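Fold and contact review
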Amino acid sequence: MKRILVFAGFFYPHIGGSVQVIHELSKRLVKRGYEIDVITCNVERMLAYEELDGVCIYRLPSWNILGGTYPIPKPTLTTFRIYWGRLKGPHDMVFTFTRFFITSFMGVIISTLKHKPLIHTELGSRHSFVSNKMVDLISKTYDHTVGSLIVTSAWKTIGNSNATCDFMRHLGAKETIMIHNGIDTNVFRKKSSTLRNKLMLDDSVVITFVGRLIYAKGVHDLISVFLDLERESSNLRLLIVSDGPNRQELERLAEASCNKKNILFLGWRTREEIVEILSITDIFVNPSYSEGLPTSVLEAAAVGLPIVATDVGGTNEIIENYKTGLLVPPGDIKLLKEKIFELINDKKLRTDLARNAHTVIKEEFDYDIIVTKYEDICEEIVEKITDETMENG
């Protein structure tokens, strides 16, 4: 039995691309004979301990600041008990995810005190993208101090895209390995649905965005583009799926729509509900300013959708322009509009891009492929520890 202690800023029941990555990896490693403990922040006021899919979850009482985007563990007795208990636990290695969470720094401390190898996986390819200059300065300072300490302390640093690996080297990582995020292609596939009728979308061309409603996701650009498009094309609908601190601001922007029913904010949705929404979508758009490897783009491609996405982070490792989707520079509203308009008016191009994207996901991004790569690293660690133990008598 190989035991891994995982530190994650967010975990179930929190919703998000990084949460899904950690959850899918953890539960699949459990199925392959690993024992997984996850230490995370209790921002949803859930049980301090819970088991899910064979994964043991320990939740630290936490504050959630910066509009609910940044969890900080509270110095409470519960926090101390969980931390001390895992410090004494029989783990073989420590995993951390995303350098800017305090939990990753806690993972560095635990791995040092336990004398166990640290494996850090980074899911972002640049400094945090925020509109506030002071927060931006603090973020960059943190990256080049605590963030740099985390990645340089790791025995292995894994980036979810080539762009992420480059960023890790920028922060001083000794060695980087690229392992893409995965997708469960058995779950994310097009399904029959009556949702189009329920939402009264009729024969409209449905454009969808899925992701947290924060500035860095660029949803304000998509809404601005849609407001122009609906003046030029009839029967368009925009579905915005998920939630976040920018929702009210985005809803105010959407009020300029010719018809308020043309832009629907659907809020947080379960994975199954997202699959259903994607199944009635005609065009998927990801207008983000910052990504590691965008989970939402993987999901849309797996379902078989034509995609317009900004060329940030590792997006171009999923999307090849005019083969598996369309790429535009971040913040280029004019070109974003042109590419969406092109797909609205070219059904054959939509079909070709969707088919090609689906094939690439099945062949290169299925979770079984990704987990095997992580398991190879774990086996390498165990083998190294065994050799060192034998050498020391």
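The structure presented is a predicted model; accordingly, all values stated were derived computationally and were not measured. (Residues numbered from 1 in each chain as written. Predicted model: local features only at pLDDT ≥ 70, side-chain atom pairs only at ≥ 80, totals over all residues. Heavy atoms only, no water.)

A separate point is helix α7 (residues 219–232). Taking 1.5 Å of rise per residue, the 14 residues of α7 would be expected to cover 20 Å, and the 20 Å separating its terminal C-alpha atoms lies within 8% of that figure. For α7, the tally of buried residues reaches 10 of 14 residues, placing the bulk of the element in the interior. Regarding α7, the residues found buried are Val219, His220, Asp221, Leu222, Ile223, Val225, Phe226, Leu227, Leu229 and Glu230. Residues of α7 that are buried in the fold lie against β10 (205–210), β11 (236–241), α8 (247–254), β12 (263–267), β13 (283–286) and α11 (333–345). (Helix = DSSP H or I, 4+ residues; strand = E, 2+ residues; numbered from the N terminus. Expected span 1.5 Å × (residues − 1). Buried < 20%, exposed > 50% of the residue type's maximum accessible area, 1.4 Å probe, protein only. Contact = heavy atoms within 4.5 Å.)

The buried fraction of strand β2 (residues 34–42) is high, at 8 of 9 residues. The pairing of strand β1 (residues 2–7) with β2 spans 6 bridges and is classified as parallel. For Lys2, the partnering residue across the bridge sits in β2 and is Tyr34. For β2 and strand β4 (residues 55–65), the ladder comprises 6 bridges, and the chain directions are parallel. (Pairing = 2+ DSSP bridges.)

A word on the sheet that holds β10. Two strands in a sheet stick together by hydrogen bonds in their backbones, pointing the same way (parallel) or opposite ways (antiparallel). Taken in spatial order, the 6 strands line up as β12-β11-β10-β13-β14-β15 in an open sheet, and their pairing is parallel. Lying at the two open borders of the sheet, with one neighbouring strand each, are β12 and β15 (326–328). The sheet shows a mean angle of 20° between the axes of neighbouring strands, direction not considered. Strands β10, β13 and β14 (307–310) of the sheet are contacted by helix α10 (residues 295–303), whose axis makes an angle of about 165° with β13. (Axes fitted to C-alpha atoms, helices over the stretch in contact; angles between N-to-C directions.)

The next point concerns a negative patch on the surface. Taken together, the side chains of Glu383, Asp387, Glu388 and Glu391 make up a negatively charged region of the molecular surface. Counting through the fold element by element, Glu383 comes out in helix α13 (residues 367–391). Residue Glu383 is classed as exposed on the basis of its relative accessible area, which comes to 53%. (Patch = residues over 30% accessible without salt bridge, like charges linked within 9 Å, V, L, I, M, F, W, Y side chains within 5 Å. Areas by Shrake-Rupley, 256 points an atom, 1.4 Å probe, with all protein chains shown as cover. Salt bridge = Lys/Arg side-chain N within 4 Å of Asp/Glu carboxyl O. Lys, Arg positive; Asp, Glu negative; His and termini not counted. Charge placed at Lys NZ, Arg CZ, Asp CG, Glu CD.)

Turning our eyes to something else, we now look at the side chain of Arg28. In this fold, Arg28 is placed in helix α1 (residues 17–31). Every residue in contact with Arg28, bar those within four places of it in the chain, is listed here: Asp184, Tyr367, Asp368 and Val371.

Between helix α3 (residues 102–114) and helix α4 (residues 133–153), whose axes approach to 10 Å, the crossing angle comes to 45°. Here α4 runs oblique to α3, going by the angle between their axes. Between α3 and α4 lies a crossing of left-handed hand. Across the interface between the two elements, Ile102, Ser104, Phe105 and Val108 from α3 touch Tyr142, Val146, Leu149, Ile150 and Ser153 from α4. Across the contact of α3 with α4, the residue classes break down as 7 nonpolar, 2 polar and no charged. (Parallel < 35°, antiparallel > 145°, perpendicular 65-115°, else oblique. Left-handed = near helix turned anticlockwise from the far one by under 90°. Nonpolar A, V, L, I, M, F, W, Y, C, P; charged D, E, K, R; others polar.)

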